[in-house]
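One-letter residues, chain by chain:
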Amino acid sequence: MRIVLAGASGFLGRHLAKKLTADGHRVDRLVRREPVGDHEYPWDPYVPSLDLSLFEGADAVVNVGGAGVADKRWSPAYKKLIRRSRVVPTTVLAETVAETGVPLLVNASAIGWYERGSTLVDESEPHASGFLGETCAAWERSTEAASQAGARVVRLRTAHVLSADSVMIKRLLPVFKLGIGGKFGSGRQYFPWISLPDWLGALGFLLDSKVDGPVNMIAPTPITNAEFTRALGKAVRRPAVFTVPGFALRVAAGEAAQELLSGSKVKPKVLQDNGYEFQHPTIDECLKAVLK
């Protein structure tokens, strides 16, 4: 396949470009810096100057771009950037897919679509209220031009993607190796996760499938935050008995602390119903693989 990839410079985009290329696909990467290699092309989604010829004859457009949710405190300006960096590029790409006849758009979304709680939900659940839920809803609506043009549109509702170089693991690992790691708040909140190999594997699976619509990119075994921190402590052979109080997280991270103090219990129904086989269905298998 010839795939046009947006968000190629980010954590998921870098790994995805490498995996798709290794699998024999041609990956044309859209970058917002000066191109430095073959198959890199400049673009600015906020300026209407996209070269449509790049999309003509492409088999798929994949968009995994967006400002990092946990990169900074959620000031009003940064919350605006989080939403704008998702909605504007997605709208531009969806309209380009519609105009050039690309048959498939695979677009990022997030597990923040769902209400926080302990009820097990799947892709049929309506979006949550609040900043994350409304942002995900606006993000997914931005793909409508492609859908209306007849393209297959896959919306990836991605959980925390765990790998040795993921933001989550890089921030937590030094603390846990010192033996001072532990749960966040009560620890009873659910922690949605998926291993990087499974995220990449599921995306490749979806490219070759007939799946259309939202897909929960999440492991099949739901765990709480306390279970995750115990597993991480076990993986590095250190105790994980401490508790980071909720008020301390709110002081340190502001409104963004809700990402760690609340979570959704979500199942990957679409992936399972369509026969995807997870490489790392449990958190112990995941951490053993990504930390080795």
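Residues numbered from 1 in each chain as written. Predicted model: local features only at pLDDT ≥ 70, side-chain atom pairs only at ≥ 80, totals over all residues. Heavy atoms only, no water.

Overview of the UniProt feature "domain: NAD-dependent epimerase/dehydratase" (unreviewed entry) in the chain
For step 1, the next point in the chain: Within this structure's numbering, the places UniProt gives as "domain: NAD-dependent epimerase/dehydratase" (unreviewed entry) are residues 3-213.
For step 2, the next point in the chain: In the segment residues 3-213, helix accounts for 36% and strand for 22%; the C-alpha atoms at its two ends are 19 Å apart. (UniProt positions renumbered as here; feature names shortened; annotations may be inferred. Helix = DSSP H or I, 4+ residues; strand = E, 2+ residues; numbered from the N terminus.)

Comments concerning a negative patch on the surface
For step 1, the next point in the chain: On the surface, a cluster of negative charge is contributed by Asp 51, Glu 56, Glu 95 and Glu 99.
For step 2, the next point in the chain: Following the sequence through the fold, Glu 99 ends up in helix H2 (residues 76-100).
For step 3, the next point in the chain: By relative accessible area, which is 57% here, Glu 99 ends up exposed. (Patch = residues over 30% accessible without salt bridge, like charges linked within 9 Å, V, L, I, M, F, W, Y side chains within 5 Å. Areas by Shrake-Rupley, 256 points an atom, 1.4 Å probe, with all protein chains shown as cover. Salt bridge = Lys/Arg side-chain N within 4 Å of Asp/Glu carboxyl O. Lys, Arg positive; Asp, Glu negative; His and termini not counted. Charge placed at Lys NZ, Arg CZ, Asp CG, Glu CD. Buried < 20%, exposed > 50% of the residue type's maximum accessible area, 1.4 Å probe, protein only.)

Quick word on the pattern of salt bridges
For step 1, the next point in the chain: In total, this model carries 9 salt bridges according to the counting rule given.
For step 2, the next point in the chain: Asp 23 is paired through a salt bridge with Lys 19; the nearest N and O atoms lie 2.7 Å apart.
For step 3, the next point in the chain: Judged by its relative accessible area of 32%, Lys 19 is partly exposed.
For step 4, the next point in the chain: A salt bridge links Asp 28 to Arg 26, with the nearest nitrogen and oxygen atoms 3.0 Å apart.
For step 5, the next point in the chain: Taking the relative accessible area as the measure of exposure, Arg 26 reaches 38% and is therefore partly exposed.
For step 6, the next point in the chain: By sharing partners, the salt bridges in this structure join Arg 2, Arg 26 and Asp 28 into a single network.

Observations concerning the packing of helix H1 (residues 11-22) against helix H6 (residues 196-207)
For step 1, the next point in the chain: One can describe the packing of H1 onto H6 by two numbers: an axis separation of 11 Å at closest approach and a directional angle of 60 degrees. With respect to each other, H1 and H6 are oriented oblique. In this structure, H1 meets H6 at a crossing whose hand is right-handed. Of the residues in H6, those touching H1 at Phe 11, Leu 12, His 15, Leu 16, Lys 19 and Leu 20 are Leu 196, Trp 199, Leu 200, Leu 203 and Leu 207.
For step 2, the next point in the chain: Of the residues assigned to the contact of H1 with H6, the class counts are 9 nonpolar, 1 polar and 1 charged. (Axes fitted to C-alpha atoms, helices over the stretch in contact; angles between N-to-C directions. Parallel < 35°, antiparallel > 145°, perpendicular 65-115°, else oblique. Left-handed = near helix turned anticlockwise from the far one by under 90°. Contact = heavy atoms within 4.5 Å. Nonpolar A, V, L, I, M, F, W, Y, C, P; charged D, E, K, R; others polar.)

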